[in-house]
Structures are given as structure tokens and as C-alpha cells.
Amino acid sequence: MDIVPNSGILNKDSATFVGNILRIKSVKKEDRGTYYCVADNGVSKGDRRNVNLEVEFAPVITVPRPRLGQALQYDMDLECHIEAYPPPAIVWLKDDIQLSNNQHYSISHFATADEYSDSTLRVITIEKRQYGDYICKAVNKLGEADARVNLFETPIPVCPPACGQAYFDGAEHLAGTLFATIGFLAALLYIR
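The sections below set out a description of the structure shown in this document. (Residues numbered from 1 in each chain as written. Predicted model: local features only at pLDDT ≥ 70, side-chain atom pairs only at ≥ 80, totals over all residues. Heavy atoms only, no water.)

A closer look at the state of the cysteines
Per the counting criterion, the structure on display carries one disulfide. Residue Cys80 pairs covalently with Cys136 via a disulfide, S to S 1.9 Å. With Cys80 in strand E7 (residues 76-85) and Cys136 in strand E12 (residues 132-140), this residue pair connects regions lying 56 residues apart in the sequence. Across the pair, Cys136 and Cys80 agree in class, each one buried. (Disulfide = S-S within 2.5 Å. Helix = DSSP H or I, 4+ residues; strand = E, 2+ residues; numbered from the N terminus. Buried < 20%, exposed > 50% of the residue type's maximum accessible area, 1.4 Å probe, protein only.)

Describing the packing of aromatic side chains
One pass over the structure, following the stated rule, counts one aromatic pair. Consider the rings of Tyr105 and Tyr134, whose centres lie 6.1 Å apart with planes at 65°: the pair is edge-to-face. In this pair, Tyr105 sits in strand E10 (residues 105-113) while Tyr134 sits in strand E12, placing the two residues 29 residues apart along the sequence. A relative accessible area of 8% places Tyr105 in the buried class. Residue classification places Tyr134 among the buried residues on the basis of a relative accessible area of 0%. Taking the ring centre of Tyr134 as reference, the NZ or CZ of Lys94 above it sits at 5.5 Å. (Phe/Tyr/Trp six-rings, centres within 6.5 Å; stacked < 30°, edge-to-face > 60°. Lys NZ or Arg CZ within 6 Å of the ring centre and 35° of its normal.)

Below you can see the structure in the form of C-alpha cells.
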């Protein structure tokens, strides 16, 4: 009987383990995945069974951009990526106060797989008091983790998200008005 995993528990030179029992010592999160047990006696096609191994582990957080700058009165998105199983509860904190959706903040969570989640905190129309450190915190039954994102003031807006659709729509409208005005003036000069 061969047991073929899609993870890294077997040495890199081997893709199979021969035997009817596969023992995994000191299971790690990297050992999770689907293992295929194939029985073949050389007489017929053989038989195959899948075994899915779930490994529970405490949250691990990564922050793609730990320092972000943005001008006053513009929006900025702060992000953190969480790996955990079972899926964790995720919160954002500023000055030890848990944030919630309101006129100043918008929080969204997306599960990209059973053990992966992305969380985004949008700081809306930034005011001076909103600059500083933000904490992304994840908790499940096996533990907790947190990561810090620093938001600081810049003299000019950073795009995106500052230059959202409204900004571009305004620029297109302004350009259209400018071309129409130039066309009108050129027509007046031609008529004279």
C-alpha cells in the first residue's frame, strides 16, 4: 500500500511511503492536506482512498505593509493576513479600543480558504487623531496573535485608495469641459 501526501512530511526525494500505516510524529500545520492511500496487488487496476488531515493551530499574522502614509482628509486601507485553524475571531484596535464599522472606519474580513483570512481596515477621511498605531488581532481556541500597522501623515495624497472613482470621474468631466471650451473658442475665431 502506498500513501501519497500533497504536503511536505515525506522527504523531498520521495513522493510515496510504502506500508499500510503512515505515522506522523510531531504534526505541524504544514502537514495538513489530502493524503492518497493506493492499494495495488498488480492483478487489477487497484483501489484508492483519500484521507484529509486537518491540523488545528494558533493564529499567525503577517502584515504586507507595516507603515503606511496618507494625507489628511483621504482614506487609507490597512491590511493583515491571518493563517489559523479553526478560523479565528479578528478585531482591529487603536489605543487599546476595539474599532467597529462607523463613519470613521470600515472593517472587512475575507476567508480565502479554511485556514486563511484577509482583514482590511479602511480609515475614512483621515483626521489628525487617527494617525498612529493600529493592531490587527486574531484569536482562536489555541491561542492569539497580533500585528501592528503604523499610519502616518503625508503632505500629498497616496493613490490608491485616495484617488477613487469619484476623483477620476471628476478629472474626465474637467477634461471634457476643457476640450469643449477650446473647441468653442476655436469655432469663434474661425467665424471671424
